[in-house]
Amino acid sequence: MKHLDYQPMRSISWSLRLGFVCLAFGYLIALRYLAGVAWPDSFLGAVYLTTAFVGHFAFLALIAWCSVILPTALIIPNLKLAKVLITLELGALLLLLIVDTFVFQQYRFHLNMFLWKLILNDTNNEIFAFSNTMKALAVMAIALVMAILFFIGQKLAQPKKSWPHVRLISALLVVYLSANLIHIWADAQYIQSLTRYNRNLPVYYPATATKFMAKHGWLNEEAQQANASLSMNKQNASIQYPLNPLRAAPLTAPMNVLIIAVDSWRADEMNAEVSPNIWDFSQRSMRYNAHFSGSNSTRAGIFSLFYGLPSVYWDAMFANKQGPVLIQQLKDNDYQFGVFTAATLTNPEFDRTVFRDVDNLRLTSEGDTPIARDIDLTEDWLQWIDQHQQQGADKPFFGFLFYDAPHGYSIDDSLPAPFLPEEDINYLVLDNDYDPTLIRNRYRNAVYQDDKLIGQVLSDLQDKQLLDNTIVIITGDHGQEFNDTKHNYWGHNSNFAAPQTHVPFIMHWPGQTANEIAVETSHFDIVPTLLHRALSVTSPERDYSMGGNLLAPVQKNWRLAGSYSSFAVISEGLIIVSSLDGSMHIYNENMDEVSSAALDYSVLSKAMDEMKRFYK
């Protein structure tokens, strides 16, 4: 193979040198994971964070080198070609790390299969909206990384002295093992001041030895009890929903139902300035001032609205092809369905969960931007309701309108946008010191333009004299944060504090007096209210929901919220967050982590019951 210039040992040696350089770059990039993180206040904590950071990324680099770089060096029969491919591979790994740091800063979780699925299926930029500036910066970053690596690779081709590869790798592995030994102790003693840093590092699963530590009396059993009380049994895949067949009295005078949801609409942006049409409507309706979504994200938020259940049941409902009893009860009473959404109903899979039982489902809207699709869904709804009144007015209707402009910070330049100055969001520049004024104004303009569209819908109902016989609910699927907690949280799906979960909730119910309600309510209450009060269901609410009656709300001392990968029990000023694997963290309402807190185990027990009682 001499004519092919096959020199695997030179390729391997060179790749190790360039790999160590990339590891150094990786450490610099990975410091972004620790941005805004308080330095440990104990010597052991400082040692753990340092060894975990250094050792973990070295271990990841070693795995990447063995699984990707080494095979390339051995297989490619040409030294120059091998170097080119290895450089591209190392560059891609660094770029992947850069992307993950931005994902983590935005959402507080790392790249995962679910997120990749959303990205790959987001063909119309409905979930992730990237400005041209962001795209240009991304291209420049890719070009810069590759150029730097090719330049360094050439410089490393003829080293002036040999590198101590084995000693460096050995030292880094010792650091990695030291971090794991410290974690075994910290986990057994439930020292949150140490273990809280684990989630900052991607694919980091440090060692534990619970049985061994318990055998030797080194386990903090009280703390382990608290952690275990929030563990989910993911083996439960079979669902019993509802718990018993629903019973209902004959429906003699059915009312129409219209639910209007606005993506990423936070509670304090429902006011006379930002949403004047909805505000005016709220003055003639019931306005719930302490209403919370069941989530900080769209999938779980809409799930909680239509099922009245925590999002931990999503997978089971999806796998068992189980739609919500609300939709089935509407169908049983011959309701006509008008479902109009800006974003596609196939991602997340609402077409196979929430609306799986709706015939001839409209899956998406036309338009290149969220606001264009919002305009399209409004026009289609107005046409649909006209047709319904002309051809099927003797049958009740159920409508669901889901607007998306605030989620995408999307506005139509031809429509009024009164909040100035403003600019489109650039996720690359968001940090704890960024002034949110300009993007907050952009967000308000998006809400303002959606409010104008929703105003058309409400005026049309008024003109058709349908409000006398139509329940109208207007709310958000979740909130939107602008670093309110000063912990560098932006957007949603990153914590369970009020900015991401507190949403507007207005309900017009024929025959009910306009009123302000201060009692805390949630999306879980919508289904039981509609089933019991509008559809004459007589079955106990607990047979199909964890919610209560919005027309006679009762104050609770706790509530649940979930996301794609975690859930929270919120009670008495504490936010107790658990990943689905059972790891737990406790925060106050401002997302300051609480190292020790007196937990009310009766509340945790009730919460866990709600998250498992529909499993067989």
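Residues numbered from 1 in each chain as written. Predicted model: local features only at pLDDT ≥ 70, side-chain atom pairs only at ≥ 80, totals over all residues. Heavy atoms only, no water.

Asker: Explanation requested: the packing of helix α13 (residues 325–332) against helix α18 (residues 526–534) in the structure shown.
Answerer: Two packed helices can be described by the angle between their axes and the distance between those axes. Taken N-terminus to C-terminus, the directions of α13 and α18 make an angle of 25°; their axes are 10 Å apart at the nearest point. Considering their axes alone, α13 and α18 lie roughly parallel with respect to each other. Viewed along their axes, α13 and α18 form a crossing whose handedness is left-handed. Within the contact between the two elements, α13 uses V325, L326 and Q329 and α18 uses V527, L530 and L531. Its residues assigned to classes, the contact of α13 with α18 comprises five nonpolar, one polar and no charged. (Axes fitted to C-alpha atoms, helices over the stretch in contact; angles between N-to-C directions. Helix = DSSP H or I, 4+ residues; strand = E, 2+ residues; numbered from the N terminus. Parallel < 35°, antiparallel > 145°, perpendicular 65-115°, else oblique. Left-handed = near helix turned anticlockwise from the far one by under 90°. Contact = heavy atoms within 4.5 Å. Nonpolar A, V, L, I, M, F, W, Y, C, P; charged D, E, K, R; others polar.)

Asker: How should I be thinking about the packing of helix α1 (residues 8–30) against helix α5 (residues 132–155) in this particular structure?
Answerer: Contact pair α1 / α5: the axes reach a minimum separation of 10 Å and the direction vectors enclose 135°. Here α1 lies oblique to α5, going by the angle between them. Considering the relative orientation of α1 and α5, their crossing is right-handed. Facing α1, whose interface residues are W14, L18, V21, C22 and F25, α5 presents I148, L149, I152 and G153.

Asker: I would appreciate a short explanation of the sheet that holds strand β2 (residues 286–288) in the present structure.
Answerer: Pairing between the strands of a sheet is mediated by backbone hydrogen bonds and can be parallel or antiparallel. Taken in spatial order, the seven strands line up as β4-β5-β1-β6-β9-β2-β10 in an open sheet, and their pairing is mixed. Lying at the two open borders of the sheet, with one neighbouring strand each, are β4 (336–341) and β10 (515–517). Across the sheet, the mean angle from the axis of one strand to that of its neighbour is 10°, orientation sign disregarded. Relative to strand β9 (residues 505–508), β2 is paired through two bridges, and the arrangement is antiparallel. Note that in β9 the partner of R287 across the bridge is I506. Of the strands in this sheet, β1 (256–262), β4 and β5 (397–403) are in contact with helix α14 (residues 370–391), which crosses β5 at around 170°. (Pairing = 2+ DSSP bridges.)

Asker: Which parts of the structure should I look at to understand the packing of aromatic side chains?
Answerer: Each aromatic ring pair is specified by the distance between its two centres and by the angle formed by the two planes. The full count for this structure, using the stated rule, is 29 aromatic pairs. A centroid spacing of 5.3 Å and a plane angle of 65° characterise the contact between F53 and F57, whose relative ring orientation is edge-to-face. With a gap of four residues between them, F53 and F57 both fall in helix α2 (residues 43–75), about one helical turn apart. Arranged with centres 6.2 Å apart and planes meeting at 75°, the rings of F306 and F398 form a pair that is edge-to-face. On the criterion of sequence distance, the pair formed by F306 in helix α11 (residues 298–307) and F398 in strand β5 is long-range, its members being 92 residues apart. Across the pair, F398 and F306 agree in class, each one buried. By way of ring pairs, the aromatic residues Y241, F303, Y307, Y313, W314, F350, F614 and Y615 are connected into one cluster. Above the face of the W558 ring, K556 is positioned so that its terminal group lies 5.9 Å from the ring centre. (Phe/Tyr/Trp six-rings, centres within 6.5 Å; stacked < 30°, edge-to-face > 60°. Buried < 20%, exposed > 50% of the residue type's maximum accessible area, 1.4 Å probe, protein only. Lys NZ or Arg CZ within 6 Å of the ring centre and 35° of its normal.)

Asker: Please explain the pairing of β1 as it appears in this structure.
Answerer: The side chains of a regular strand alternate between both faces of the sheet. Most of β1 is tucked away, with seven of its seven residues classed as buried. Burial along β1 is two-sided: the residues N256, L258, I260 and V262 and V257, I259 and A261 are all buried. In the sheet, β1 pairs with β5 via six bridges, with the strands oriented parallel. Bridged to I260 within β5 is L401.

Asker: Where do I start with the environment of D332 in this structure?
Answerer: Inspection of the secondary structure assignment puts D332 in helix α13. With relative accessibility at 52%, the residue D332 sits in the exposed group. As for D332 and L535, which are separated by 203 residues in sequence, their C-alpha atoms are 10.0 Å apart.

Asker: Would you explain the pattern of salt bridges in this entry?
Answerer: Pairing is possible between side chains of opposite charge, provided their charged atoms come close. Applying the stated rule across the entire model yields 19 salt bridges. Across the salt bridge formed by D484 and R266, the nearest N and O atoms sit 2.8 Å from each other. One end of the pair, D484, is in the loop between β7 (481–482) and β8 (490–491); the other, R266, is in the loop between β1 and α10 (276–282), and 218 residues separate them in sequence. R362 is the salt-bridge partner of D376, the closest N and O atoms lying 3.0 Å from each other. Highlighted residues: D376 in helix α14 and R362 in the loop between β4 and α14, separated in sequence by 14 residues. Side by side, D376 and R362 carry an identical accessibility label, which is buried. (Salt bridge = Lys/Arg side-chain N within 4 Å of Asp/Glu carboxyl O.)

Asker: I would appreciate a short explanation of the nonpolar core in the present structure.
Answerer: Most often, soluble globular proteins keep nonpolar side chains buried together rather than apart. Counting 72 residues, the largest nonpolar core has F306, F355, F398, F400 and M507 as its most contacted members. With near-sequence residues (within four places) excluded, F400 lies in contact with L258, I259, A261, I302, F306, G338, V339, F340, T341 and F355. Counting 42 residues, the second largest nonpolar core, distinct from the first, contains W265, Y403, F419 and F482. (Core = buried A, V, L, I, M, F, W, Y, C linked by side-chain atoms within 4.5 Å.)

Asker: So what exactly am I meant to see when it comes to the environment of Q158 here?
Answerer: By the secondary structure assignment, Q158 is in the loop between α5 and α6 (165–188). Its relative accessible area of 61% is what places Q158 among the exposed residues. Note: C-alpha distance between Q158 and W14 (144 residues apart in sequence) is 8.8 Å.

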